[in-house]
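# Summary of structural features
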Amino acid sequence: MKEAPSLLQLIPDIFFDALAYLLPASLLFLGVMVIPSSIGAPLVNAYLNLGASFDRFVVILFGLGLLYILGQLLTHFSYDVILRPLQKFAAWRKEKDFVRSDIDWMQDYTFIRHKDAALGMEISKRYARTIMSRNNALAALLLMITAVISLQWAGLIVCGILFLLFTHETYGEQRFFSRYLQEMTKELRNMETAQKEEDK
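First things first, this report covers the structure right here in the doc. Predicted, not measured: the structure shown is a model, and the values here were computed from it. (Residues numbered from 1 in each chain as written. Predicted model: local features only at pLDDT ≥ 70, side-chain atom pairs only at ≥ 80, totals over all residues. Heavy atoms only, no water.)

## Describing unusual backbone geometry
- Notably, leucine 151 is not glycine yet its phi reads approximately 60°, a positive angle.
- Its relative accessible area of 57% is what places leucine 151 among the exposed residues. (Buried < 20%, exposed > 50% of the residue type's maximum accessible area, 1.4 Å probe, protein only.)

Right under this line is the structure:
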């Protein structure tokens, strides 16, 4: 069993996790500001009217914290709104790798993490990308609803295109991640079996 990664080694892992939350939340926030113009202009003016640079810095930090929380909420709801329908679609297409349960792939991930910490971090990064894709899809869907409420039909078309693109990306990312995880687990288990045979 290899040693656990140091804090320095974990920085890229944390970075990708942050992107999985912050980028989709930023997309949703900017879209809500732009589509109904009555919301975006007052917020920008209020920020520009802040006097001290320190006040603006505090507002930015507070905003990043709120975006991170919003990203976590997107992750929670995107599982049911985006991923589950895609799982049913994959089951209809008989994509067996895609429809594996979270318990199954988490068992494989735990096994890999114990055998190879670096490979475990690589899988964490790839999983963060799948989360980001489905969160982007949910953000685009919410922006479509915002555009309908605001009667912004051009925004609806743009958000609809983004929703289709992000949903397609989510399907591809999830399928690739499932196959990659399965192949890595199979390879490590074969290596473990071969090592046991050599030790006999």
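That was the structure; now back to the text.
## As for the side chain of serine 78
- Within the secondary structure, serine 78 sits in helix 3 (residues 53-92).
- A distance of 3.1 Å separates a polar side-chain atom of serine 78 from the backbone oxygen of threonine 75.
- If we skip the residues at most four places from it in the chain, serine 78 touches Leu83, Arg134, Asn135 and Leu138. (Helix = DSSP H or I, 4+ residues; strand = E, 2+ residues; numbered from the N terminus. Polar contact = N/O pair within 3.5 Å; in protein donor to acceptor, adjacent residues only side chain to side chain. Contact = heavy atoms within 4.5 Å.)

## With respect to the packing of aromatic side chains
- Tallied over the entire structure, the rule returns five aromatic pairs.
- Measuring from ring centre to ring centre gives 5.4 Å for tyrosine 127 and phenylalanine 177, while their planes differ by 40°; the resulting arrangement is tilted. Taken together, the positions of tyrosine 127 in helix 5 (residues 117-150) and phenylalanine 177 in helix 6 (residues 153-199) put the pair 50 residues apart, joining distant regions of the chain.
- On the basis of relative accessibility, which here comes to 21%, the residue tyrosine 127 falls in the partly exposed class.
- Through pairs of rings, three or more aromatic residues link up here, namely Phe89, Trp92 and Tyr171.
- Cation over ring: arginine 126 sits above tyrosine 180, and NZ or CZ is 4.4 Å from the ring centre. (Phe/Tyr/Trp six-rings, centres within 6.5 Å; stacked < 30°, edge-to-face > 60°. Lys NZ or Arg CZ within 6 Å of the ring centre and 35° of its normal.)

## Comments concerning the pattern of salt bridges
- Counting across every chain of the model gives two salt bridges.
- Between aspartate 80 and arginine 84 there is a salt bridge; the shortest N-O distance is 3.0 Å. Residue aspartate 80 and its partner arginine 84 are located together in helix 3, separated by four residues, close to a single helical turn.
- With a closest N to O distance of 3.3 Å, arginine 129 and glutamate 173 form a salt bridge. One end of the pair, arginine 129, is in helix 5; the other, glutamate 173, is in helix 6, and 44 residues separate them in sequence. (Salt bridge = Lys/Arg side-chain N within 4 Å of Asp/Glu carboxyl O.)

## Here we look at a nonpolar patch on the surface
- Together, Phe62, Leu66, Ile69, Leu73, Phe77 and Val81 give the surface a local cluster of nonpolar side chains, amounting to about 580 Å² of exposed area.
- Counting through the fold element by element, leucine 73 comes out in helix 3. (Patch = residues over 30% accessible without salt bridge, like charges linked within 9 Å, V, L, I, M, F, W, Y side chains within 5 Å. Areas by Shrake-Rupley, 256 points an atom, 1.4 Å probe, with all protein chains shown as cover.)

## Let's talk about the environment of phenylalanine 89
- Tracing the backbone through its elements, the reader meets phenylalanine 89 in helix 3.
- The spatial distance from the C-alpha of phenylalanine 89 to the C-alpha of tyrosine 171 is 9.6 Å, given a sequence separation of 82 residues.

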